[in-house]
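Chain by chain, the residues run as shown.
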Amino acid sequence: MNKQELVENIYTCASCGYCRFGCPVFSEIGFERFTARGRMLIFKRILEGKFPYTEDVFRSIYMCSQCANCEEICPTGINFIEIIDALKIDLAREGKLPESQKAMREIVREKSNPFGEAREERGAWLPKDYQVKESEALYFVGCAASYSLNRTSRSVMKILEKVKFDFTTLGNLEYCCGEPLFRMGEIGLGNELVEKNSLEFERLGVKTIFASCPGCLKNLKHKYPPEFRVLHTVQLFSELIKEGRVEFGKELNQRVIYHDGCDIGRHVGIYEEPREILQSIPGVELLEFDYNREEAICCGGPLVSQDPGIAKKIASRRVEEAVEKGADVIVTTCPTCFVNFKDGAKLVEGKVDIQEISQLLLKLLKK
Amino acid sequence: MTLYEDISKIVGEDRVSRHELDLLCYSRDLAPMPDELLRGYGMLRPKLVAKPNTIDEVKEIMKYAYLKNIPVTLRGGATFGLGGVLPMDGGLVLDLCGMRRILEFNPEDEYVRVQTGCEWKRVIDYVEARGYTIGANPSSGPSSTIGGFISTGGSGGIGTIRHGPVGDQIVGMKVVLANGELIETDPWSSWMFVGSEGTLGIILEVTLKIFKLGKRSYLMYGFDKLDDAIRALERLCELRPYFLSLIDKNLITLLNKKGHHLPEKETVFVVDGDEAKVTEICGKGIKYREGLAREEWENRYKTILSIKGLGPTIFPPELQVPIKRFYDTILDLRGLIKNLEYGIEAMVNSDGMVSVLPTILTDERKKSEYFRVCSLTRRISNIAYKNGGCVYGIGVYNTPHMSRIHGKSLKVMRRIKKGLDPKNILNPGKTIHYKIPGIFMNLSMIAMEIIPTIMVFSLELVNYVPLRLLRLGLRFVGGKMK
Ligand SMILES: Cc1cc2nc3c(=O)[nH]c(=O)nc-3n(C[C@H](O)[C@H](O)[C@H](O)COP(=O)(O)OP(=O)(O)OC[C@H]3O[C@@H](n4cnc5c(N)ncnc54)[C@H](O)[C@@H]3O)c2cc1C
Ligand code: SF4
Ligand code: SF4
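Residues numbered from 1 in each chain as written. Chains lettered and ligands numbered in written order. Predicted model: local features only at pLDDT ≥ 70, side-chain atom pairs only at ≥ 80, totals over all residues. Heavy atoms only, no water.

1. Quick word on the site of ligand 2
Inspection of the region around ligand 2 gives A:Cys13, A:Ala14, A:Ser15, A:Cys16, A:Gly17, A:Tyr18, A:Cys19, A:Arg37, A:Cys74, A:Pro75 and A:Thr76 as its neighbouring residues. Taken together, the residues of the shell around ligand 2 break down into seven nonpolar, three polar and one charged. (Near = heavy atom within 4 Å. Nonpolar A, V, L, I, M, F, W, Y, C, P; charged D, E, K, R; others polar.)

Structure (structure tokens):
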């Protein structure tokens, strides 16, 4: 977004406040400076030279999960996420990132993952004898499923092996997709990772990339060269189920509620495939949150690095609703939602299980 | 102890803010009024914003404010736009949006009980998912609160033509008065607080009637001639549909620039009216396909604001006129604003009154143009009066119209205010307790209107003259300018 577009967008805001309706930050903190409307007013003041661009403003910019709920409901069509991105890019260029973000940037730069884990360990979840090979299909594992949540990556691997789907991973050669860097405005560093990964894709002759992490998915879709076809694993699974290649060996006699994550949902537009998968499981009763699909409320996960307490509280509201609806399981497709829901559930009295979709699917397949 | 500490004790530190950025945000509503003008109107900055979560907290806050004479301004979604939520005397802003729970849904007795900080969309989504619907509700549903709509009269909007103004659907309310006392009202006594714009009490809980939701029809007809459209509208009134509106051709042109796909005609929109009768009445028009009408309904909250970017500022006055004079009103409006880019939407209400909403495109960055457009307020109001109607809502900016709208009942209103809020701490500077006498407000409008046309005076002067007049006015009533 260039300067002119930025200014027009800011003046286009009607201050109508619709953007507060599904804003997770507003619903938890509740003050206007953390809403899209408040920020637009503040930015306008700054443009008019009536207010200084202070650290408080930077903090307000970063205290946003970029869930895009505000953009969805905004009647004037403001590109809130692009505005925030543009401002973050400026802040990053001027070295004005908040400390938490600076720390994260250094870790990603050095280790190529946001957890500070060793690069040589990235493929440690793979079988000892695993060989990276040339293939048209590539599973982009992402940092979370490579290190902390490798039950997901193992499940994806096993499911696809079972149905004899041919693909490769990059093993230790995979780099972080760059999402954490783009998100904080460090696009130069982000693009370096895009280049490194793209070189590997080309070297292996990859045409289709599928990711189990919606954050990677969003980034692969929007920031990588367009010649790669990018899918989420649920799209692949849903295809395989439709082709009759997946056989279930067990029933899941439970009430399941699906949470639309913001990256896979509003940012990429995948809503139906996860539901199709869940509905194809024998015995499942599929429930819906009051606000779902385009209107789904963010779990708060992206705010963990800003304020873990708030992130957890936001998640707990969603868990509470699932409990009220009588759900036995909340299913997510996103590692960030998964972890944050687990945390949030600790604040809620009722019991509900949290499951990541690939792991759930694997458990139910015919042995 | 400071105000901050005292209020923190009541609601908890995480629910008060004196943050510079919040004080800026809470000094504003959705109208981009020039700072100069607001200062001219004597507005002060709030000292603190608090977000109570319970009725008890509100009671405690009010007891405290009453004791210490602290002005308290109530704020819902801040979509009213006439300055109703501006903290004219500074003090404390109570943001009621934290209290937004749906407390009870009772299909047997057909009511829903809600906290008033709840947005209309939330309540409507909730009851509609359960086979019921709501009566009167505003077309700003995602942000307008139950309390805000009731407090601004709730007579124009969706559902009003069938169910009447929102007051007709109130079964009871819980209201905290200026001294912190909690009262409960019945359908009859609730009316006293309807339209009181936060000056008589804080409405915190409301029980609203709900209605069974049947299958709805969505019909749109386009007419080549405005008078044919309006004649159809008049007859359609008798069918008492759930929603009945007119979108004028100018507005359609603007909407189409923003991705709508409507034929460029004077368009009548009917929701849930007897289909055969609607077809008969709209004989002179062409029927749009049902999908289109449904789409417009689903986008009902967004329609008018979707053209905002074309301004990028919009100036949206509102008038209410009897349907018999609706045609003349539109002609008068078109005559007045013919050289500007505008569109007109109108919603028909229960008592044969029509809410007419001209939306004029302008650009607040071009000060002299913007001031001139704002100054149209005066002439547009005159159009309303000429046609037997009036402006809708008072807030700060329509205070010059108080006596014209309320006439002899003003005296009674003053007494009620005195009885319920003797220290005038609730929403001061609004409705009957204005800061600037009407004549000076009007003079400032005239100044804004003519000075840009003379174009002799510099932009600074444009800013300066209304301010001077307002200062003069303030001195006249013995007010102080900070
Ligand atoms: C796009 C758009 C469409 C609109 N459509 C309509 C419409 O169809 N019909 C219509 O009537 N208006 C409409 N409006 C105007 C506005 O939305 C209404 O006046 C609205 O109902 C106000 O609600 P709010 O919560 O925003 O109130 P606010 O603006 O926050 O407050 C309005 C007034 O009520 C007082 N107040 C707020 N809450 C309480 C409370 N709990 N107790 C006591 N006083 C309180 C405030 O102090 C203030 O004086 C529209 C506005 C927009 C932007
Ligand atoms: S919804 Fe859009 S136009 Fe309305 S206040 Fe929010 S950002 Fe501004
Ligand atoms: S992107 Fe999400 S968190 Fe950020 S302001 Fe919009 S709704 Fe709130």
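2. Topic: a positive patch on the surface
Residue and element names in this part refer to chain A. Together, Arg151, Arg154, Lys158, Lys162, Lys250, Lys342, Lys363 and Lys367 line one region of the surface with positive charge. Looking at which element gives the most residues to the positive patch, the answer is helix α9 (residues 150–162), with four residues. With respect to the secondary-structure elements, arginine 151 resides in helix α9. (Patch = residues over 30% accessible without salt bridge, like charges linked within 9 Å, V, L, I, M, F, W, Y side chains within 5 Å. Areas by Shrake-Rupley, 256 points an atom, 1.4 Å probe, with all protein chains shown as cover. Salt bridge = Lys/Arg side-chain N within 4 Å of Asp/Glu carboxyl O. Lys, Arg positive; Asp, Glu negative; His and termini not counted. Charge placed at Lys NZ, Arg CZ, Asp CG, Glu CD. Helix = DSSP H or I, 4+ residues; strand = E, 2+ residues; numbered from the N terminus.)

3. Section: the environment of B:Ile61
All names here are of chain B. With respect to the secondary-structure elements, isoleucine 61 resides in helix α4 (residues 55–68). For the pair isoleucine 61 and glycine 180, spaced 119 residues apart in the sequence, the C-alpha separation amounts to 7.3 Å. Not counting residues within four places of it along the chain, the set of residues in contact with isoleucine 61 comprises Ile7, Ile10, Val11, Pro52, Leu92 and Leu94. (Contact = heavy atoms within 4.5 Å.)

4. Describing the interface of chain A and chain B
Taken together, the 35 residues of chain A in the interface contact 43 residues of chain B. Viewed at the interface, chain B and chain A are joined by five salt bridges. Residue A:Glu32 is joined to B:Arg75 by a salt bridge in which the shortest nitrogen-to-oxygen separation is 3.6 Å. Connecting chain A to chain B are 16 residue pairs in polar contact (both at pLDDT 80 or more). (Polar contact = N/O pair within 3.5 Å; in protein donor to acceptor, adjacent residues only side chain to side chain.)

5. A look at the packing of helix α1 (residues 3–12) of chain A against helix α3 (residues 36–47) of chain A
Residues and elements named next belong to chain A. Interhelical geometry of α1 versus α3 gives an angle of 125° and a closest axis separation of 9 Å. One finds that α1 runs oblique with respect to α3. Along this stretch, α1 crosses α3, giving a crossing that reads as left-handed. Contacts from Lys3, Val7, Ile10 and Tyr11 in α1 reach Met40, Phe43, Lys44 and Leu47 in α3. Here the residues of the contact of α1 with α3 are counted per class, giving six nonpolar, no polar and two charged. (Axes fitted to C-alpha atoms, helices over the stretch in contact; angles between N-to-C directions. Parallel < 35°, antiparallel > 145°, perpendicular 65-115°, else oblique. Left-handed = near helix turned anticlockwise from the far one by under 90°.)

6. Re the packing of α9(A) against helix α18 (residues 357–364) of chain A
Residues and elements named next belong to chain A. Interaxial distance between α9 and α18 falls to 8 Å at its minimum, and their mutual angle equals 45°. It follows from the interaxial angle that α9 and α18 lie oblique. Where α9 crosses over α18, the two elements pack in a sense that is left-handed. Contact residues: α9 offers Arg151, Thr152, Ser155, Val156, Lys158 and Ile159, while α18 offers Ser358, Gln359, Leu361 and Leu362.

7. Things to note about the pairing of strand β1 (residues 137–140) of chain A
Remember that side chains alternate between the two faces of the sheet whenever the strand is regular. Residue and element names in this part refer to chain A. Residues of β1 alternate between two faces, with Ala137 and Tyr139 on one and Leu138 and Phe140 on the opposite face, all of them buried. Sheet analysis places β1 next to strand β2 (residues 208–211), joined by four bridges and oriented parallel. Each bridged residue has a counterpart across the sheet, and for tyrosine 139 the counterpart in β2 is phenylalanine 210. (Buried < 20%, exposed > 50% of the residue type's maximum accessible area, 1.4 Å probe, protein only. Pairing = 2+ DSSP bridges.)

8. Focus: the pattern of salt bridges
In this structure the tally under the stated criterion is 66 salt bridges over all chains. We note a salt bridge from A:Glu32 to A:Arg20, for which the minimum N-O separation is 2.8 Å. In this pair, A:Glu32 sits in the loop between α2 (24–28) and α3 while A:Arg20 sits in the loop between α1 and α2, placing the two residues 12 residues apart along the sequence. For A:Glu32, a relative accessible area of 1% corresponds to the buried category. For B:Asp22, the salt bridge goes to A:Arg33, with nearest N and O atoms at 2.5 Å. Placement of B:Asp22 in helix α2 (residues 20–25) and of A:Arg33 in the loop between α2 and α3 is noted, with the two residues assigned to different chains. A relative accessible area of 15% means that A:Arg33 is categorised as buried.

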